[in-house]
Amino acid sequence: MSDATRPPIVVTIGGGGSVAFGFSTGVARGLLDEGIDISAATLVGTSGGSHAAFTMAAGMGFDDVEPIWREYVATAGRIWVKAAPLTEQLYGKIEVSGVAGVAVRILGFRRKLLWAPDVRPADAVAASSSPFPFARPHKIGKRRYIDGGHRSGTSADLVPAADLQLVLAAFSNRAQGFLGKIGARQVARETRKWREATGSDTVVIGPTPEMCAIRVKGMRALGDMDIGRQFFDLAVPLGREYASILRRDHPGVVARLPARS
């Protein structure tokens, strides 16, 4: 059901560190290869997905972020680290709008959409990607936030209404073990709730069997850009495949996608 007063698409990007980042930027690259640019759409990301959302919104890609991410992981330590040094390097000077990171406010333990430009991009991503206790809570003003994944890997039920919600969920297959099982349940529940509230449709892009076979174990793996690169390389052709699906099933949405200014 189309509504001219709302955007054609909202892109929700699930969490999962370097896995989520590689997966979602790879899908976006594959879509772009086939002429579908989601970088100017409304973007909402959680944890590693917030990195992807702000990377896309800034007109950057996997290759722009990878070396900076690698250097940060090599020097930051393993526990009680600060997310801000990485996010300031990547997003400290960008100017974007219509993109948000999902974080959990410690007081009340509720999910919060941190929208740019109301919140600085570097702060929004730092708050969204601070998994306690591996990372310290990130402070914005007088409020402290931790990783949005502490409440949900995707938060697809929180995103604004649109004609279509495109969900990029790196951990949403039961073959991926605990994270995949939890992710699959959350995505199914949250997208159903969103559809009921908006009357619109959802398309979920999840991992392929080849991706599910990649060993991802522990927090160190979720920071590993070698694994992120594997997911990126596999996700590019997946994005190209879904470009055809979107054009076939949702031609009106594709035709109304906003262009980058």
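Calculation notes
Residues numbered from 1 in each chain as written. Predicted model: local features only at pLDDT ≥ 70, side-chain atom pairs only at ≥ 80, totals over all residues. Heavy atoms only, no water. 1 Å grid on protein atoms, 1.4 Å probe; cavity = no way out; pocket = protein on both sides within 12 Å on 5 of 7 lines; lining within 4 Å. Points joined across faces, edges and corners; volume = space filled by probe spheres on them. Nonpolar A, V, L, I, M, F, W, Y, C, P; charged D, E, K, R; others polar. Axes fitted to C-alpha atoms, helices over the stretch in contact; angles between N-to-C directions. Helix = DSSP H or I, 4+ residues; strand = E, 2+ residues; numbered from the N terminus. Left-handed = near helix turned anticlockwise from the far one by under 90°. Buried < 20%, exposed > 50% of the residue type's maximum accessible area, 1.4 Å probe, protein only. Polar contact = N/O pair within 3.5 Å; in protein donor to acceptor, adjacent residues only side chain to side chain. Core = buried A, V, L, I, M, F, W, Y, C linked by side-chain atoms within 4.5 Å. Contact = heavy atoms within 4.5 Å. Expected span 1.5 Å × (residues − 1). Bend = angle between axes of the 7 residues up to and from the residue. Pairing = 2+ DSSP bridges. Right-handed = clockwise from strand over helix to strand, strands pointing away.

Asker: How should I be thinking about empty space enclosed by the protein in this particular structure?
Answerer: The probe, sized like a water molecule, is rolled over the atoms to show the empty space still left. According to the stated counting rule, one finds one cavity of 30 Å³ or more in the structure shown. Quantified by volume, the largest cavity comes out at close to 30 Å³. Taken together, Ile 9, Ile 36, Ile 38, Leu 246, Val 253, Val 254 and Leu 257 form the lining of the largest cavity. Tallied by class, residues from the lining of the largest cavity come to seven nonpolar, no polar and no charged.

Asker: Please clarify how the packing of helix H1 (residues 17-33) against helix H9 (residues 225-249) should be interpreted in this entry.
Answerer: For any two helices packed against each other, the geometry comes down to the angle between their axes and how far apart the axes lie. Where H1 meets H9, the closest approach of the two axes is 6 Å, and the angle between their N-to-C directions is 35 degrees. With respect to the hand of their crossing, H1 and H9 are arranged in right-handed fashion. Considering only residue class, the contact of H1 with H9 consists of 15 nonpolar, seven polar and three charged.

Asker: I keep staring at the side chain of Ser 200 and nothing clicks. Help me out?
Answerer: For Ser 200, the location among the structural elements is in the loop between helix H6 (178-198) and strand S8 (201-205). Residue class for Ser 200 comes out buried when judged on its relative accessible area of 5%. Looking at Ser 200, its side chain comes within polar contact range of the side chain of Arg 6, at 2.6 Å. A distance of 2.6 Å separates the side chain of Ser 200 from the backbone oxygen of Ala 162, its partner in a polar contact.

Asker: How do you make sense of the layout of surface pockets when you look at a structure like this?
Answerer: Of the volumes computed, that of the second largest pocket is approximately 290 Å³. Around the second largest pocket, the lining is made up of 16 residues, and of these Ala 28, Arg 29, Leu 32, Met 60 and Gly 61 lie nearest the centre. Listed by contribution, the elements that provide at least two residues to the lining of the second largest pocket are H1, helix H2 (48-57) and helix H3 (62-76). If one sorts the elements of the lining of the second largest pocket by residue count, H1 sits on top with four residues.

Asker: What is the right way to read the nonpolar core from this model?
Answerer: Note on soluble globular proteins: their nonpolar side chains tend to be buried together. Membership of the largest hydrophobic core comes to 64 residues, with the highest contact counts inside it found for Val 11, Phe 23, Leu 31, Ile 38, Phe 54, Leu 166 and Leu 168. Considering every element that reaches this core, the biggest residue donor is H9, with ten residues. When neighbours within four sequence positions are excluded, Phe 23 is seen to be in contact with Leu 168, Ala 169, Ala 170, Ile 205, Gly 206, Pro 207, Met 211, Phe 231, Phe 232, Ala 235 and Leu 238. Counting residues in each nonpolar core, the second largest holds eight residues, with Ala 100, Leu 113, Val 159 and Ala 162 among its members.

Asker: Help me understand H9, please; the structure alone is not making it clear to me.
Answerer: The periodicity of an α-helix, 3.6 residues per turn, causes residues three or four positions apart to be oriented the same way. Helix length check: H9 (25 residues) gives 34 Å between terminal C-alpha atoms against 36 Å at 1.5 Å per residue, within 8%. Ala 235 marks where H9 bends most, by close to 30 degrees; the proline Pro 237 follows one to four residues later. Among the residues of H9, those classed as buried are Met 225, Ile 227, Gly 228, Phe 231, Phe 232, Ala 235, Val 236, Leu 238, Gly 239, Tyr 242, Ala 243 and Leu 246. Where H9 begins, the capping side chain belongs to Asp 224, and its oxygen is found 2.8 Å from the backbone nitrogen of Asp 226.

Asker: Can you help me understand the pairing of strand S1 (residues 9-13) in this one?
Answerer: Regular strands place their side chains on alternate faces of the sheet. Most of S1 sits out of view: five of its five residues are buried. Covered by surrounding structure in S1 are Ile 9, Val 11 and Ile 13 together with Val 10 and Thr 12, the residues of both alternating faces. Sheet topology note: the S1/strand S7 (residues 164-168) ladder contains five bridges and is parallel. Looking at S7, one finds that Ile 13 is bridged to Leu 168. Sheet analysis places S1 next to strand S2 (residues 42-46), joined by four bridges and oriented parallel. If you follow Val 10 over to S2, its bridge partner there is Thr 42. Regarding topology, H1 serves as the crossover connection from S1 to the parallel S2, and that connection is right-handed.

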